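Secondary and tertiary structure notes
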Amino acid sequence: MKKTVKKLVALMLAVALVASLAGCAKINYVTNGTIQAIKEVKSGEWNKVDENADQGAGEDVSVLDKSFEPGTYGGVEFKTVEDVVAYYVDAYNYTKTLTAEYTENGDPKTFYKLLGTEELEVGDVMIDGKANSTINSLVPGIVDGIMVKGSYGLVPCGNRDPRYDDNLSDDTRKNDHKYQTSAFEADFVLDCNVVDNNDGTITITIQPKAEELAYRGEGPQGSFFEALGNISGAVAQISVLSFSQGDANDNVKVMYQGGTGTVTIDTKTKEVISAKYVMVANVDVQHANVTIIKDKSASVKITYTNEYPAPDDYLLDEVGIVRK
């Protein structure tokens, strides 16, 4: 029986990871990765659980240290949240008009001037609300072995080459928005603030409202972060998995909540000179069946971080490009 439980735990880990990652064009995690994830699971004690582990999403509350206060920052007057968002959108749009010269495999390339890094952190995988320390100790190695890092323009973004920024064939979006411009709106803000850095720059921090099943380029999360889109199809492809109620569309849920974006802008030019976007998503799989194990649930919290500008060594080592 213990071996069967281990197989279930392995599959739930794989399901959670596939559900979290397969829909994102930036993360190289496909159905074959499920098999690899299962192979990576080693022996461990199922009864070692963490009763205090993170149980997932709750009330949508601000995580910022302080909220927006009207005033003049870096010589720019902000009366309302609408003013803050309008300034952010203008800076985003302007920054995405800027390009720089690179070489890729020795060939000259023109990419966005501001390119970023990406990091993925997978939290505890919860099986029926409990965390298994052995399984969770394997998660970093599985993720590191599967994820291929890239570098792209300001999120949301489809490419580092502006010509192909709207050329996406995956299901992370359901509209024709062009990612050279931002679709973020003031109504999407849960909380924000502005800081005067006293050096000709200001820093805007925004926390979008929580959203379920976000699509790239629209809504509070999809217009601000790299959203996963409809991930149920990736889970449905796992042949050994079925559901005691409904199907993958009914039982695979993703709640985006608690993520923030912090952007530093040159007030003379409105150019974004640095930024850090931290997307947080809670993935839940319910009513899963595997062989004789019935009606199990799994959940996992993922944090996806994009930082700008990417260091030269990251661009060379992870992407193989060099700034001229």
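Our subject is the structure listed above.
How each quantity is defined
- Each chain carries its own residue numbering, running from 1 in the written order of its sequence.
- pLDDT decides what is reported in this predicted model: residues at 70 or higher carry local features, side-chain atom pairs at 80 or more are listed and counted, and totals for whole chains, interfaces and linings draw on all residues regardless.
- As a rule here, side-chain values come from all non-hydrogen atoms in the structure, and water together with hydrogens is ignored.
- In this text, helices come from DSSP runs of H or I with a minimum length of four residues, and strands from runs of E with a minimum of two, each type numbered from the N-terminal end.
- Note that accessible areas follow from Shrake-Rupley with a 1.4 Å probe, and for residues the cover is restricted to the protein chains shown.
- Here, strands pair whenever DSSP counts at least two bridges between them.
- Angles shown run from 0 to 180 degrees and are taken between the N-to-C directions of axes, each axis being a line fitted to C-alpha atoms and, for helices, limited to the stretch in contact.
- Here, residues are in contact when the closest pair of their heavy atoms is within 4.5 Å.
- Nonpolar cores were defined as sets of buried Ala, Val, Leu, Ile, Met, Phe, Trp, Tyr and Cys residues, with membership established by side-chain atoms within 4.5 Å.
- Buried residues are those whose accessible area, probed at 1.4 Å on protein chains only, stays under 20% of the maximum for their type, while exposed residues exceed 50% and partly exposed ones sit between those limits.
- Two rings from Phe, Tyr or Trp (for Trp, the six-membered ring) form a pair when their centres sit within 6.5 Å of each other. Planes less than 30 degrees apart are called stacked, planes more than 60 degrees apart edge-to-face, and all others tilted.
- In this scheme, the term charge over a ring applies when either NZ of a lysine or CZ of an arginine sits within 6 Å of the ring centre and within 35 degrees of the ring normal.
- Multiplying one less than the number of residues by 1.5 Å gives the expected span of a helix.
- For this analysis, a polar contact is any N or O atom pair within 3.5 Å, provided that within protein one partner can donate a hydrogen and the other can accept it, and provided that sequence-adjacent residues contribute only side-chain to side-chain pairs.

**Here's the deal with the overall build of the chain**
Along its length, the chain carries eight helices and 16 strands. For the chain, the computed accessible surface area is about 14,600 Å², with 47% contributed by carbon and sulfur atoms.

**Here we look at the sheet that holds strand E5 (residues 107–112)**
Strand pairs in the sheet, formed through backbone hydrogen bonds, run parallel or antiparallel to each other. The strand order across the open sheet formed by three strands is E5-E4-E16, and the pairing between neighbours is antiparallel. Both outer strands of the open sheet, E5 and strand E16 (321–323), are each paired with one neighbouring strand and no more. Between one strand axis and the next, the sheet turns by 40 degrees as a mean value, whatever way the strands run. Sheet topology places strand E4 (residues 99–104) next to E16; three bridges connect them, and they run antiparallel. For glutamate 104, the partnering residue across the bridge sits in E16 and is isoleucine 321. Running at roughly 160 degrees to E16, helix H8 (residues 312–319) makes contact with E4 and E16 of the sheet.

**Observations concerning the nonpolar core**
Within the largest apolar cluster, 54 residues are counted, with the highest numbers of intra-cluster contacts made by Phe78, Tyr88, Phe184 and Tyr277. At eight residues, strand E14 (residues 271–290) tops the list of elements feeding residues into this core. Leaving out residues up to four positions away in the same chain, phenylalanine 78 has contacts with Phe68, Pro70, Gly71, Tyr73, Asp83, Val84, Tyr87, Val194 and Ile202. Residues Leu115, Ala310, Tyr314 and Val319 belong to the second largest nonpolar core, which totals eleven residues.

**Looking at the environment of serine 299**
Within the secondary structure, serine 299 is located in strand E15 (residues 293–308). The class for serine 299 is buried, based on a relative accessible area of 15%. Note: C-alpha distance between serine 299 and alanine 131 (168 residues apart in sequence) is 9.6 Å. With residues near it in sequence (within four places) discarded, serine 299 still touches Asp124, Val125, Met126, Val283 and Asp284.

**Looking at the pairing of strand E13 (residues 260–266)**
Of all seven residues in E13, five are buried; the element is thus mostly enclosed. Looking at chain direction, strand E9 (residues 201–208) and E13 are connected through six bridges and run antiparallel. The residue of E13 that forms the bridge with isoleucine 204 is valine 263.

**Some words on the packing of aromatic side chains**
Any aromatic ring pair is given by two values, namely how distant the centres are and how the planes are angled relative to each other. Within the structure shown, the criterion is met by eleven aromatic pairs. Centre to centre, the rings of tyrosine 73 and phenylalanine 78 are 6.2 Å apart; their planes meet at 55 degrees, and the pair counts as tilted. A ring pair is formed by tyrosine 102 and phenylalanine 111, whose centres lie 5.5 Å apart and whose planes are at 40 degrees; its orientation type is tilted. A relative accessible area of 0% means that tyrosine 102 is categorised as buried. When its relative accessible area of 3% is taken as the criterion, phenylalanine 111 is described as buried. Geometry around phenylalanine 111 places arginine 160 over its ring, the cationic atom sitting 5.4 Å from the centre. Here the guanidinium or amino end of arginine 216 rests over the ring plane of tyrosine 179, the centre of that ring lying 5.8 Å away.

**So, the environment of valine 195**
You can see valine 195 is positioned in strand E8 (residues 189–196). Taking relative accessible area as the criterion, valine 195 reaches 30% and is therefore assigned partly exposed. Residues valine 195 and threonine 264 lie 69 residues apart in sequence; the distance between their C-alpha atoms is 9.2 Å. If near-sequence neighbours (up to four positions away) are discounted, valine 195 is found in contact with Lys66, Tyr73, Thr201, Ile202 and Thr203.

**As for helix H3 (residues 81–95)**
Helix length check: H3, at 15 residues, gives a terminal C-alpha distance of 21 Å against a target of 21 Å (1.5 Å per residue), a fit within 8%. Within H3, the full set of buried residues consists of Val84, Val85, Tyr87, Tyr88, Val89, Ala91, Tyr92 and Thr95.

**Looking at the side chain of threonine 267**
Note that threonine 267 resides in the loop between E13 and E14. Polar contacts involving the side chain of threonine 267 include one to the main-chain carbonyl oxygen of glycine 200, which spans 3.0 Å. Among all residues touching threonine 267, those that are not within four sequence positions of it are Gly74, Val76, Tyr87, Gly200, Thr201 and Ile202.

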